[in-house]
Amino acid sequence: MMHLVMILIALLVAWGIRCQSFQDSGDWSQRWQQALGLFMFPPVLLLTTAIAVLAMGPQGQMVYWWEGWLSYGLVSGFLVVALVLLLGLSWQAWRSIKQVRTYTQIEVKGKPSRLLKSMYPFVAQIGFWKPELVVSQGLLQLLTNDHLEAVLIHEQAHFHYRDTFWFFGLGWLRRLTCWLPQTEALWQELLVLRELRADRWAAEQVDSLLLAEALLTVVSTPTVQPELAAAFGDLALRDRLTERIDALLTEAPSTNSTDGWAWTWLLLSLLPLAMIPFHS
C-alpha cells in the first residue's frame, strides 16, 4: 500500500500547508518568501509524488493487486491534467504573443515598444523570457513626459525580474491546484507583491511621487492575462491601490528576497523522488 500511502500523505500535507495563515502586510521580503512558499510547496509536492509513483510503476509489495494499478491510474490522471493545462496555457500565451507582434513597432523614449491602437491607458510587458513592451495611444496622450518615463521604468523592472516568465509557471500551478485552500488569495498576494517590487525598483531611479501620480492616472487599465502580462495599472489589483501608493510614499530600505533558507521547502518537496531507488 506504499503508493497509496504516499499519495494520501502528499494530499494531507499539501492541504495542511495551504490551511496555514499568511501575513498580507508588513515587510515585503518576508511576505514574498512566505506567500511564495505557501503557494508553490503543495503543487510541487503533489507533482513530485505523482512522478515518483509513476516511475515506480504499478508493481510492488501490495496487499491487493489492484492497489498498484489504482495509485498508478490516479497519478497518471493527475499528470495528464497538468500537461493539458500547461499546453492550454501555452497556446493562449502563444496566441497573445502572436497578436502583439502584429502591432506597429515604435520607440517610446528610446525603448522598443508595440503600439496598441486603443484609448485605454494601457502599458504592459507581454511575453515569456524576453517580453515586449506594449503601450496604448491613450497612455501616450494621457501622461506627461515625466510620468511616462516613471511608468516605463516600472515596466523595465518587470523585464529585469523576468516576471512574465516566472508568473507563467506560477499561473500554471494556480490552475492545477485551484481546489486547494487559499490558492486565489495567495495568487493575488503574489501579484501585488510583484507590483510592489517593480515599484520599489523604479523608485530607486525616478521620483516615487511621480510614480504614485502615474499609478493613480493609469489605474483604469483593463484586466489582462496575468500569467503572461505584467500591467502597471491592472484593474484586478485596484483594491490594493492604497497599499502601493503608501509603499511608494514611504521610504523603505531595499531587501533581498532570495535568502537561501527560504528555499528549504523546495528541497523538501522533492523528497518523494528519493523514494524511487528503494522501490521493489
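Bear in mind that the values here come from a model prediction, so they are computed numbers and not experimental data.

About the cut-offs
- Residues numbered from 1 in each chain as written.
- Predicted model: local features only at pLDDT ≥ 70, side-chain atom pairs only at ≥ 80, totals over all residues.
- Heavy atoms only, no water.
- Helix = DSSP H or I, 4+ residues; strand = E, 2+ residues; numbered from the N terminus.
- Polar contact = N/O pair within 3.5 Å; in protein donor to acceptor, adjacent residues only side chain to side chain.
- Buried < 20%, exposed > 50% of the residue type's maximum accessible area, 1.4 Å probe, protein only.
- Pairing = 2+ DSSP bridges.
- Core = buried A, V, L, I, M, F, W, Y, C linked by side-chain atoms within 4.5 Å.

Engineer: What is the right way to read the environment of tryptophan 28 from this model?
Structural biologist: Counting through the fold element by element, tryptophan 28 comes out in helix H2 (residues 28–56). Between the C-alpha atom of tryptophan 28 and that of leucine 196, which follows or precedes it by 168 residues, the distance is 8.1 Å. Side-chain polar atoms of tryptophan 28 contact the backbone oxygen of leucine 193, separated by 3.0 Å.

Engineer: Explain the pairing of strand S4 (residues 132–136) here, please?
Structural biologist: One face of the sheet, then the other: side chains in a regular strand alternate in exactly this way. In terms of residue burial, S4 counts as a mostly covered element, since 5 of its 5 residues are buried. Of the two faces of S4, the one holding Glu132, Val134 and Ser136 and the one holding Leu133 and Val135 are both buried throughout. Sheet analysis places strand S2 (residues 111–116) next to S4, joined by 4 bridges and oriented parallel. Of the residues in S4, the one forming a bridge with leucine 115 is valine 135. Relative to S4, strand S3 (residues 123–126) runs antiparallel, the two sharing 4 bridges. Bridge pairing in S4 places valine 123 opposite valine 135.

Engineer: What should I look at first to understand unusual backbone geometry in this one?
Structural biologist: Positive phi, close to 55°, is recorded for arginine 162, a residue that is not glycine. Summarising the element assignment, arginine 162 is placed in the loop between helix H5 (145–160) and helix H6 (163–176).

Engineer: Any chance you could explain the nonpolar core here in plain terms?
Structural biologist: Side chains of nonpolar character tend, in soluble globular proteins, to be buried together. Residues Phe39, Met40, Leu47, Leu170 and Leu190 are the most contacted members of the largest nonpolar core, which totals 42 residues. Of the residues forming this core, the biggest block, 16 residues, is contributed by H2. Core analysis: the next-biggest nonpolar cluster, separate from the first, contains 26 residues, Val135, Leu148, Val151 and Leu211 among them.

Engineer: Mind showing me how you'd approach the environment of leucine 268 here?
Structural biologist: Relative to the helices and strands, leucine 268 is located in helix H10 (residues 264–269). Leucine 268 sits in the partly exposed class, given a relative accessible area of 45%. Here the alpha-carbon distance between leucine 268 and leucine 45, two residues 223 residues apart in the chain, equals 8.1 Å.

Such coordinate-based values are descriptive only and should not be taken to indicate function.
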